[in-house]
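Reading the structure
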Protein chains: 2
Amino acid sequence: MTEHFNPTARTRPNRLRDRVRDEVAAVHAILDGGPICHVGFAGPDGPSVLPTLHARIDDQLYLHGSTGSWMRRVENAPICVTVTCLDGLVLARSTFHHSMNYRCAVVFGTARTVTDTDEKLAALDALVERVSPGRSAEARGPNPRELAATLVLAVTIDEATAKIRTGGPNDDDEDMSLDVWAGVVPVRTVLGEPEPDGTPPRALPDGALAPVWTT
Amino acid sequence: MTEHFNPTARTRPNRLRDRVRDEVAAVHAILDGGPICHVGFAGPDGPSVLPTLHARIDDQLYLHGSTGSWMRRVENAPICVTVTCLDGLVLARSTFHHSMNYRCAVVFGTARTVTDTDEKLAALDALVERVSPGRSAEARGPNPRELAATLVLAVTIDEATAKIRTGGPNDDDEDMSLDVWAGVVPVRTVLGEPEPDGTPPRALPDGALAPVWTT
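Okay, so let's go over this structure. Just so you know, these numbers come straight off a predicted model, no measurement behind them.

Let us now look at the overall build of chain A. Across its full length, chain A carries four helices and 12 strands. Structurally, chain A occupies a C-alpha span of about 65 × 50 × 45 Å along its principal axes. In chain A, which comprises 215 residues, the proportion classed as buried is 53%. Counting every atom, chain A has about 9,400 Å² of accessible surface; 51% of that belongs to carbon and sulfur. Within chain A, the 29 negative side-chain charges are centred at a point lying 4 Å from the centre of the 21 positive side-chain charges.

Right, dumping it as structure tokens:
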């Protein structure tokens, strides 16, 4: 049976319902597939949005940062975490129907500070694994000082929604005969040639650059 | 003379000052170089962050959407517009020093509704040009009905800041001898092979896929 999120006032779609996906698996796939997220929170002078890395374990979405960073300000505060993967430019015959293909997941919740050491270590491992599979076992793990200097926040993924656009342009019938190229230009996020640090460079293990994103 | 933004309570850096860039040109370059932005606003039940396309003309940052979309809710409201370009994965010898190379611009302001038709058309042209240079002259322009159905918002870019990380890992001296690959894996956003819509497909003009982003 497919599991869906229960809609709330801010996740219930008001238009373009065919693009909305409320299945838990669809939201999780976008969260897992996007390299970074954007975190929104209410600052003293208005809304703020900052980018950071995220990782998901089951229904928990983890963020981390220095205890001296902006992340301290969102502890126990309502936040919105949005992950967007840009998949294509949609070039239509009219400027009006230009669009983009994308996958976007939005999670609303309260930022819980992770104080349990096991949970904190698991979250930090997951964050490193999202960047490079196998890395958490290879690199030196955090010592007590580093662990104390790192703030890990968690949001329960229970108020969430996704929006996905795929396919070509939705041109008006009367524009179909215009002499204008129309179609989709795919957009992909790719990794370049690794640039080693230090002399002599060590070997990069097999699978270290395995694709962990779906962009 | 280099022009800088005046710092405010929310743009003044509190740490990692060497990553902060307050030059107007640096902020503009990131806004122009990133394909999409994330817009933060205060919803009735807490902060929201949604992705959209943006375009800049001088000190005005333009957003657009359907008059039936969420964008209607941010008219005359304080918003935060953030553009992030991910440039690389920074793999360090310790998990603690893992990082990412990125460029991020953050603009705070109030969303002004663009009602002047000339300004609105110029903004819509700029939005299309950002996706594909030359496109605004080639595709059919907006008719009065389409123009009325499109909401264009503008934010004056005068309270803004940027953050840029470049270079390799900042490992601790005592970790330099660990047998772990360290370095940077570049991340790039690239365009794939265009997928034409319709039969027979028209020709894609020279320069239509000229790189407009710096990711």
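Within the structure shown, the criterion is met by 26 salt bridges over all chains. We note a salt bridge from R21 of chain A to E23 of chain A, for which the minimum N-O separation is 3.1 Å. For E23 of chain A, a relative accessible area of 18% translates into the label buried. Between R56 of chain B and D32 of chain B there is a salt bridge; the shortest N-O distance is 2.8 Å. On the criterion of sequence distance, the pair formed by R56 of chain B in strand β4 (residues 54–57) and D32 of chain B in helix α1 (residues 24–33) is long-range, its members being 24 residues apart. Classification of D32 of chain B by relative accessible area gives partly exposed; the value is 27%. Several salt bridges converge on common partners, so that one network encompasses R140 and E146 of chain A together with D172 and D175 of chain B.

Let's shift gears to the sheet that holds strand β8 (residues 112–113) of chain A. Residue and element names in this part refer to chain A. Here four strands make up an open sheet; going across it, the order is β4-β5-β9-β8 and the pairing antiparallel. A single partner strand is all that each edge strand has here, and the edge strands are β4 (54–57) and β8. Across four bridges, the pairing between β4 and strand β5 (residues 60–66) is antiparallel. If you follow A55 over to β5, its bridge partner there is Y62. Lying over the sheet, helix α2 (residues 117–131) contacts β4, β5, β8 and β9 (150–156), oriented at roughly 120° with respect to β4.

Okay, the pairing of β9 of chain A next. Residues and elements named next belong to chain A. Most of β9 is tucked away, with six of its seven residues classed as buried. For β5 and β9, the ladder comprises seven bridges, and the chain directions are antiparallel. Directly across from Y62, in β9, lies its bridge partner A154. Inspection of the sheet shows β8 paired to β9 by two bridges, in the antiparallel sense. Across the sheet, T113 pairs through a bridge with L153, a residue of β9.

With that settled, the discussion passes to the interface of chain A and chain B. Listed by partner, the interface residues are 84 residues for chain A and 84 residues for chain B. Its largest share of buried area at the contact with chain B, chain A owes to P47, W181 and R202 of chain A, together 11% of the area lost on that side. The interface formed by chain A and chain B contains eight salt bridges. A salt bridge links R140 of chain B to D172 of chain A, with the shortest nitrogen-to-oxygen separation between them at 3.6 Å.

Let us look at the environment of G109 of chain A. All names here are of chain A. Tracing the backbone shows G109 in strand β7 (residues 99–110). For the pair G109 and P78, spaced 31 residues apart in the sequence, the C-alpha separation amounts to 5.6 Å. Apart from the residues lying within four places of it in its own chain, the contact partners of G109 are A77, P78, I79 and V155.

These two copies of the chain differ by a rotation about an axis and a displacement along the same axis. By a simple turn and slide, chain A fits onto chain B: the slide is 0.0 Å along the axis, the RMSD is 0.0 Å, and the turn is 180°. This pairing of chains is accounted for by a two-fold axis. For chain A, the residue whose C-alpha comes nearest the rotation axis is T189 of chain A, separated from it by 2.2 Å. The share of interface residues of chain A whose copies in chain B are also at the interface is 100%, consistent with both copies meeting through the same surface.

For the rest of this paragraph, the subject is helix α2 (residues 117–131) of chain B. Three- or four-residue spacings in an α-helix give side chains the same orientation, since the helix completes a turn every 3.6 residues. Residue and element names in this part refer to chain B. In a regular helix each residue adds 1.5 Å, so 15 residues correspond to 21 Å; α2 covers 22 Å between its end C-alpha atoms and thus fits that length. Of the positions making up α2, those classed as buried are E119, K120, A123, L124, A126, L127, V128, R130 and V131. Put simply, D116 is the residue that caps the front of α2, since its side-chain oxygen is 3.2 Å from the backbone nitrogen of D118.

With that settled, consider empty space enclosed by the protein. With the rule as written, the count across this model stands at one cavity of 30 Å³ or more. The calculated volume of the largest cavity comes to roughly 360 Å³. The wall of the largest cavity is formed by 22 residues, among which P35, T84 and T189 of chain A together with T84 and T189 of chain B lie closest to the centre. At the level of elements, β2 (37–43), β6 (78–91) and β11 (183–191) of chain A together with β6 (78–91) and β11 (183–191) of chain B are the ones that each hand at least two residues to the lining of the largest cavity. If one sorts the elements of the lining of the largest cavity by residue count, β6 of chain A sits on top with five residues.

What follows deals with the sheet that holds strand β9 (residues 150–156) of chain B. Residue and element names in this part refer to chain B. With antiparallel pairing, four strands are arranged side by side in an open sheet as β4-β5-β9-β8. The open sheet has two edge strands, β4 and β8 (112–113), and neither has a second partner. Against the sheet, α2 engages β4, β5 (60–66), β8 and β9, with an angle of about 120° to β4.

Moving on to the nonpolar core. It is characteristic of soluble globular proteins that their nonpolar side chains tend to be buried jointly. Ranked by internal contacts, the top residues of the largest apolar core, which has 65 residues, are I79 of chain A together with I79 of chain B. If we ignore the near neighbours within four places in the chain, the residues touching I79 of chain B are P47 of chain A together with V39, G40, F41, L63, V74, V107, F108, G109, A111 and V155 of chain B.

Residue and element names in this part refer to chain A. Phi at D58 takes a positive value of approximately 55°, unusual for a residue other than glycine. In this structure, D58 sits in the loop between β4 and β5. With a relative accessible area of 58%, D58 lands in the exposed category. Its identity as a non-glycine residue notwithstanding, N76 has a phi of 65°, on the positive side. Structurally, the position occupied by N76 is in the loop between β5 and β6.

The rules behind each value
Residues numbered from 1 in each chain as written. Chains lettered and ligands numbered in written order. Predicted model: local features only at pLDDT ≥ 70, side-chain atom pairs only at ≥ 80, totals over all residues. Heavy atoms only, no water. Helix = DSSP H or I, 4+ residues; strand = E, 2+ residues; numbered from the N terminus. Buried < 20%, exposed > 50% of the residue type's maximum accessible area, 1.4 Å probe, protein only. Areas by Shrake-Rupley, 256 points an atom, 1.4 Å probe, with all protein chains shown as cover. Lys, Arg positive; Asp, Glu negative; His and termini not counted. Charge placed at Lys NZ, Arg CZ, Asp CG, Glu CD. Salt bridge = Lys/Arg side-chain N within 4 Å of Asp/Glu carboxyl O. Pairing = 2+ DSSP bridges. Contact = heavy atoms within 4.5 Å. Axes fitted to C-alpha atoms, helices over the stretch in contact; angles between N-to-C directions. Buried area = accessible area lost by both parts, 1.4 Å probe. Least-squares fit on C-alpha atoms with pLDDT ≥ 70 in both. Expected span 1.5 Å × (residues − 1). Polar contact = N/O pair within 3.5 Å; in protein donor to acceptor, adjacent residues only side chain to side chain. 1 Å grid on protein atoms, 1.4 Å probe; cavity = no way out; pocket = protein on both sides within 12 Å on 5 of 7 lines; lining within 4 Å. Points joined across faces, edges and corners; volume = space filled by probe spheres on them. Core = buried A, V, L, I, M, F, W, Y, C linked by side-chain atoms within 4.5 Å.

Limitation: the analysis is restricted to geometry and does not speak to function.
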